Amino acid sequence: MRTIYWFRMSSLRLHDHPALLAAAEGSSCLYPVFCLERRIATPYGENRRRFLLESLRDLDAGLRSLNSRLIVLDGAPEVALRAALADWSVDRLAYQLDLASAESKRSAAAVDALAEAAGVQVLARGGHTMCDLDALLRRAGGSPTTSYAPFVKHFEAEVRAAPIVARPAPSRLPPVGGEATAADDAARAVPAPADVGLPADADAAVLVRGGESAALARLDEHLQRRGGAWAAEMEKPATSPMALEPFGAGTRSTTVLSPYLAFGCLSPRLFYTRLAAEAYGRHPKHAMPPVSLHGQLLWREFFHTCAHGTPNYERMVGNPICRQVPWGDDKELLAAWAEGRTGYPWIDAAMTQLRREGWIHHLARHAVACFLTRGDLWQSWEKGAAVFEELLLDVDPALNAGNWMWLSASCFFYQYFRCYSPVAFPKKYDKDGAYVRRWLPALANFPAKYIYEPWKAPIADQKAAGCIIGKDYPKPIVAHDVASKANMAKMAEAYAAHKEGGGGGASKASATPTPKRAAPAPAKKTKQAKLK
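A. Focus on the overall build of the protein chain. Secondary structure assignment for the protein chain yields 20 helices and five strands. When the 532 residues of the protein chain are sorted by exposure, 60% land in the buried category.

What follows is the structure, encoded as C-alpha cells:
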C-alpha cells in the first residue's frame, strides 16, 4: 500500500495527528508532502512566511528522525497532488480536516475530486479542533449557537460522550519511495527564504519561532512556571495590552501559543489535556472559562463551530448570523489605519507593532477593530479582517472573521454603544505612554500629559519634543467624540432595519445578547476572553 500524506498549513506537527497515524498504518511506502506555490509564495506578510519556513524545516527534521522526510511540491494542492498521484502510483491519499474557512474546504474538495478520478482512496481525519464539529452542531440543533454559555454546555456534553485524548507521535514511519527523492531532491526540499520572497539576510521581529519543537518547549515552559500555578491562575482579562517585552522576560502576561495552534504545530487536544493534568489538577482553585486558558481553547472551538456551520461566514452579505450594516468604503481611511497614520497614538502604535512583530495583545486587537468599524472610521469589518489576514502571525480564519464580527457589533455582541476610546482606554494601562514611545519614536519625547492627544500640546512643547503635529506625526483623521456618536446613530439605524426585516435569518441564539462576563471589553471594562 503506497500512501501520500498531505500536510496542510494547519497540520504541521507529528504529535496527536490521527490522519498521519492512519496514513502510516498498512503502508509500505509513505510520501509526506507539503504544497507551496513558490512563484506566488503566500499572500501573507513577512513574519508569517518566515514562521511557515521555520515550521516546515522543523517538520522535516522530525520526519527524518522517523525514517522519512518532507517533500515540498511546487504548486497549489489540486495541481501538485494531481501530478504526484500519477508519478508515484499511490493507492491512498490522507490529510487532516480543516473546517475553519471556505477556502480550506474548497481545497480539500478539489483534492478529493482528483483522488476519486485517479481511483485513489482518501483518508481524512480530524485533529485541528478538540471535538468533531458536526457533533457539536448536532447538539445545537443543526445550526451554530452564537452565544458562549450554551456552546459550553454542548461542548461539555460532547466531551462526556467522546473524551478528549491526545495521541503520541509515531515512533517510526514507512520509508519514502526513491522516485520522490531522486534527481530533483534539492527542488523538493524546504525552500530558502528568497524562494518565498524573504530577504536571505534579514531577520523578522516576531516574538516566537515556528515549528512543533518550539511549540512544545513553550508549552512546557508555561506549564512548569511556578509549578503549574501560573497556568492554573491565568485569566485573560487580567493581562495588559501594553507589555513591552517577550514572555521570557517575565512581563508579557500571555502565552503566545496561538501561532502554533493556527499552524497546527501544537495540538489543541494536547494543550487542553496537559492543562487539565499539570495545572488544574495540581491547583484545584484555578481560573474557570471563559477567562481561563481552558476558556481560551473553548473560544477557539466556539468560533470554529460557527465557521463550519455558517454559510458565507467570512463576509457580511449572505451570512445568516451577521447583521447587514451599510459600511463606508474609503481607501484612504483604511490605508491610514493599516499603516498606523490615524493620528491617534494608541491605535497607530498597535498597528505598528502588528506590522513589525505579527502580533498584538487581544485588547489591542479589540481597540483597533472597533476604531476601524463602528467606533470611528465606519469601514467594513471585512477590510480589517483582510489586513489581519496578511499581518497576523496567528491568524485563524474562523477566529479572525468571528472576532471582527464581534467587535463591529455585527454578530455575537450587540451593545454597539459601548465603544473603546483611543484616548481614555490606553491611559488605564500606561499613563506615561511607554508603549507608544516604543512603537512611535516620533513621539518618544512628548510630555505624558499629551502622549495620547499630541495635537493638544502647545507648539512650544511640540518643538521641545522634536515633533510637530501635522508634520512629523499626523493630525487625527477624525474627531473621535464626533465620529463615534455619529456612528452609534448609524448602528441604531442598521439594527432597526435588521429588526424590521425579521432578523435576516439569524438564529434565535444570535438575537440574545452574550452574557456580560463574555462580552468584549469597553473603555471602562475588560471582561473578555478570546484566544490570542
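That was the structure; now back to the text.
B. Quick peek at the sheet that holds strand β2 (residues 29-36). With parallel pairing, the five strands of this open sheet are ordered in space as β3-β2-β1-β4-β5. Edge strands, defined here as strands with exactly one partner in the open sheet, are β3 (71-74) and β5 (121-125). Sheet twist, expressed as the average angle between the axes of neighbouring strands with direction ignored, equals 30°. In this sheet, β5 lies alongside strand β4 (residues 92-96) in parallel orientation, the contact comprising five bridges. For leucine 93, the partnering residue across the bridge sits in β5 and is valine 122.

C. Representation of helix α2 (residues 46-64) within the structure. Taking 1.5 Å per residue, 19 residues should reach 27 Å; α2 reaches 27 Å between its end C-alpha atoms and fits that length. For α2, the tally of buried residues reaches 15 of 19 residues, placing the bulk of the element in the interior.

D. Up close: helix α7 (residues 212-224). Taking 1.5 Å per residue as the helical rise, α7 with its 13 residues ought to reach 18 Å, and the 18 Å between its terminal C-alpha atoms agrees with that figure. Lining the buried residues of α7 we find α2, α8 (229-233), α9 (258-263) and α10 (268-280). Note on α7: the residue one or two positions beyond its end, arginine 226, has a positive phi of about 55°.

E. Broad picture of the pairing of β4. The element β4 is largely enclosed, with a buried count of five among its five residues. Of the two faces of β4, the one carrying Arg92, Ala94 and Gln96 and the one carrying Leu93 and Tyr95 are both buried. In this sheet, β4 lies alongside strand β1 (residues 2-7) in parallel orientation, the contact comprising four bridges. Looking across to β4, one finds that tryptophan 6 is bridged to tyrosine 95.

Rules used in this analysis
- Residues numbered from 1 in each chain as written.
- Predicted model: local features only at pLDDT ≥ 70, side-chain atom pairs only at ≥ 80, totals over all residues.
- Heavy atoms only, no water.
- Helix = DSSP H or I, 4+ residues; strand = E, 2+ residues; numbered from the N terminus.
- Buried < 20%, exposed > 50% of the residue type's maximum accessible area, 1.4 Å probe, protein only.
- Pairing = 2+ DSSP bridges.
- Axes fitted to C-alpha atoms, helices over the stretch in contact; angles between N-to-C directions.
- Expected span 1.5 Å × (residues − 1).
- Contact = heavy atoms within 4.5 Å.

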